[in-house]
Amino acid sequence: MSSDPSSREARPGKIDATPVKHPGRWVAVAVIGVLVAMFANMLFTNEAFEWPIVVDTMTNEPVLRGLLIGTLWVTLLAMIIGVTVGVTLAVMRLSPNPVLSYVAFVFIWFFRGVPRLVLLTIMGSLGVLFQGGMDIGIPFDYLFFNLTGLDGDMRFLTLDANTVFVGVTGGAIGLGLSEAAYMAEIARAGITSVDEGQREAAAALGMTPSKTMRRIVLPQAMRVIVPPTGNELMSMVKDTSLLGAVPVTNELFFQLEAIGSRTFKIVPVLTAACLWYLIIGSVLMFGQYFLEKRFNRGYGTRVSGPAPATDPESSQGTPA
Amino acid sequence: MSEPLISAVNVSKSFGDNEVLKGIDLSVYPGQVVTLLGPSGSGKTTFLRCINQLETINGGRIYVDGDLMGYEDKGGKLHTLTDKKVAAQRREIGMVFQKFNLFPHKTVLENICEAPVMVQGRKRREVVEEAHALLEQVGLGDKAAEYPNQLSGGQQQRVAIARALAMSPKLMLFDEPTSALDPELVGDVLAVMRDLARSGMTMIVVTHEMSFAREVADEVVFMDDGVVVEVGPPGEVLVNPQHQRTKDFLSRVTADEEDGGVVEHIPDHVYRPGEPRT
């Protein structure tokens, strides 16, 4: 029938159809265009912005030092603490050992429940709790000396709480522990997202549970862990602005606010703050893109290599 | 006759109140190929998983090459083995899963080399060489650098077989290795298994592939409802079954085959985490 040469003439050819019109889109473009123009107009004509002062405060030396130490350095330290402690907590939480699991639960409960601002203020006041300094040594050593009537102690090192928990260290520990509680939940979601068959395959190859976790489960969990961790990193950058509560003075927002209250140039100073946080955020988003690409290897649509003879088992790889 | 490589004595296993294995006895001798047949829910997969301790048994004993699996007998009292010792016992046993379970974040080559390097502590260079040879053996010599999701199901399963063989196991367990495959991909996997059987590997195969059972198996074990109903060479059990349950099962399966249907398409039980295995 269709092999009949006469009907071949009538067979439909290339499609050249008029696309559907979207008048709504053009209306939206017009409305938004007007709003953007109004906003841009305000940015450039409103005297209160004082752009030269914005640029000036952004590159002011104490502000830059605050950016480096209080914002970037503390973010880095806090995220390192947060990720390592958080992943450990997640593994503990999923452990068959009920003690570990419960300890992790209590930790997460506490640090997720207390606001960061309150936590940082507490860090700054911990010196009150340890007025004689913090001793590191054998616990309850005084009981031994009281019982035996001997003199002495078994403490090797005394730390001054007022120097440890104040300033950048205290701020990084406070933010890091708070972050750990959130990271623990993210890592737990990542670990449980890995197919049970993966663990079984590793076990059948003679891998111990800890090796299976490190070599097989965690690398696959990273795919699920990385995107929300990017969010956490972004939040952390912004939450360093709370460090003034510890107090840490070498911090971006603290320094900018100080300039603002000294010069009464509130709008330029706050604009400078927004711009700095936006610049950091943009750089981080860029970095996250590459990190996600790295951990998506072996998933989703293939990027290279020859096409297989048949369709791959779609149930095996989840689309990216 | 030589000592059995596997000897299961009165093995029982329950999931909660559900008794899945009700006293299984089975001996497999070195070089033997044994297929476990039976309807869904008969306990054949569970029994296979018990052999390498993916499930812990509630009663009986399983010995592999004379070693009691999972426990240490100290003066008549059993002590549970540590994770490390269990892992060491599993090294001697290769396992191939229905859903392949290749590591998706590793290339084919890395999948094969992972355990020999990380578990046996062998030199990567020599393991890589061996891995390439194994890939040739399963007909995938050109796929070393691919990721599992770039392969078809049949290719993935053959990689999974190579991965298990890389540990030089004494014994290979196959858990419905062709059930998740498209019909036209089954043949390649069965061919690899046939070669392996010919090379003298001891194998226990849970399958619905009657042709494989007929042609390759030395012994067919028919299970139903948690017990071994019938054991014997395929020429007896498949041709002239003694028990009604075996006859019923075989007539159902062969009817499917004659329909031009494919045996591997018997709706099979796909395991979801958290549910008892059958």
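Notes on the structure follow. (Residues numbered from 1 in each chain as written. Chains lettered and ligands numbered in written order. Predicted model: local features only at pLDDT ≥ 70, side-chain atom pairs only at ≥ 80, totals over all residues. Heavy atoms only, no water.)

## Considerations on the nonpolar core
Across soluble globular proteins, you tend to see nonpolar side chains buried next to one another.
At step 1: If you look at the biggest cluster of nonpolar residues, it comprises 40 residues, and the most contacted ones within it are I112, I161, M172, F174, M193 and M203 of chain B.
At step 2: At the level of elements, α3 (108–118), α4 (124–137), α5 (153–165), β9 (171–175), α6 (183–198), β10 (202–206) and α7 (210–216) of chain B are the ones that each hand at least two residues to this core.
At step 3: Here the element with the most residues in this core is α6 of chain B; it accounts for eight residues.
At step 4: Among all residues touching I112 of chain B, those that are not within four sequence positions of it are A131, L134, L135, V159, A162, R163 and A166 of chain B.
At step 5: A204 of chain A together with I51, M69 and M167 of chain B belong to the second-largest nonpolar core, a separate cluster that totals 39 residues. (Core = buried A, V, L, I, M, F, W, Y, C linked by side-chain atoms within 4.5 Å. Buried < 20%, exposed > 50% of the residue type's maximum accessible area, 1.4 Å probe, protein only. Helix = DSSP H or I, 4+ residues; strand = E, 2+ residues; numbered from the N terminus. Contact = heavy atoms within 4.5 Å.)

## With respect to the environment of Q155 of chain B
At step 1: Residue position: Q155 of chain B is located in helix α5.
At step 2: Residues Q155 of chain B and V189 of chain B lie 34 residues apart in sequence; the distance between their C-alpha atoms is 7.9 Å.

## Brief notes about the interface of chain B and chain A
At step 1: At the junction of the two partners, chain B supplies 40 residues and chain A supplies 33 residues.
At step 2: Roughly 3,200 Å² is buried in total at the junction of chain B and chain A, and carbon and sulfur atoms are behind 55% of that figure.
At step 3: Three residues, H105, N149 and Q150 of chain B, lead the burial of chain B against chain A; their summed loss comes to 20% of the area buried on that side.
At step 4: Where chain B meets chain A, there are two salt bridges.
At step 5: E114 of chain B serves as the salt-bridge partner of R215 of chain A, at 2.7 Å between the closest nitrogen and oxygen. (Buried area = accessible area lost by both parts, 1.4 Å probe. Salt bridge = Lys/Arg side-chain N within 4 Å of Asp/Glu carboxyl O.)

## A closer look at the sheet that holds strand β12 (residues 227–232) of chain B
Residues and elements named next belong to chain B.
At step 1: Reading across from one edge, β8-β9-β10-β3-β11-β12 is the order of the six strands in this open sheet, with mixed pairing throughout. Looking along the sheet, the strands with just one partner apiece sit at the ends: β8 (93–96) and β12. The average angle at which neighbouring strand axes cross in this sheet is 15°, direction not considered.
At step 2: Two strands pair when backbone bridges link them, and strand β3 (residues 33–37) and strand β11 (residues 219–224) are joined in this way by four bridges, in the parallel orientation. Bridge pairing in β11 links L37 to F222. (Pairing = 2+ DSSP bridges. Axes fitted to C-alpha atoms, helices over the stretch in contact; angles between N-to-C directions.)

## Section: the environment of V85 of chain A
At step 1: Mapped onto the elements of the fold, V85 of chain A is located in helix α4 (residues 61–93).
At step 2: Each residue touching V85 of chain A, except ones within four places of it in the same chain, is listed here: F107 and A180 of chain A.

Without other data, these values stay purely geometric and don't point to any function.
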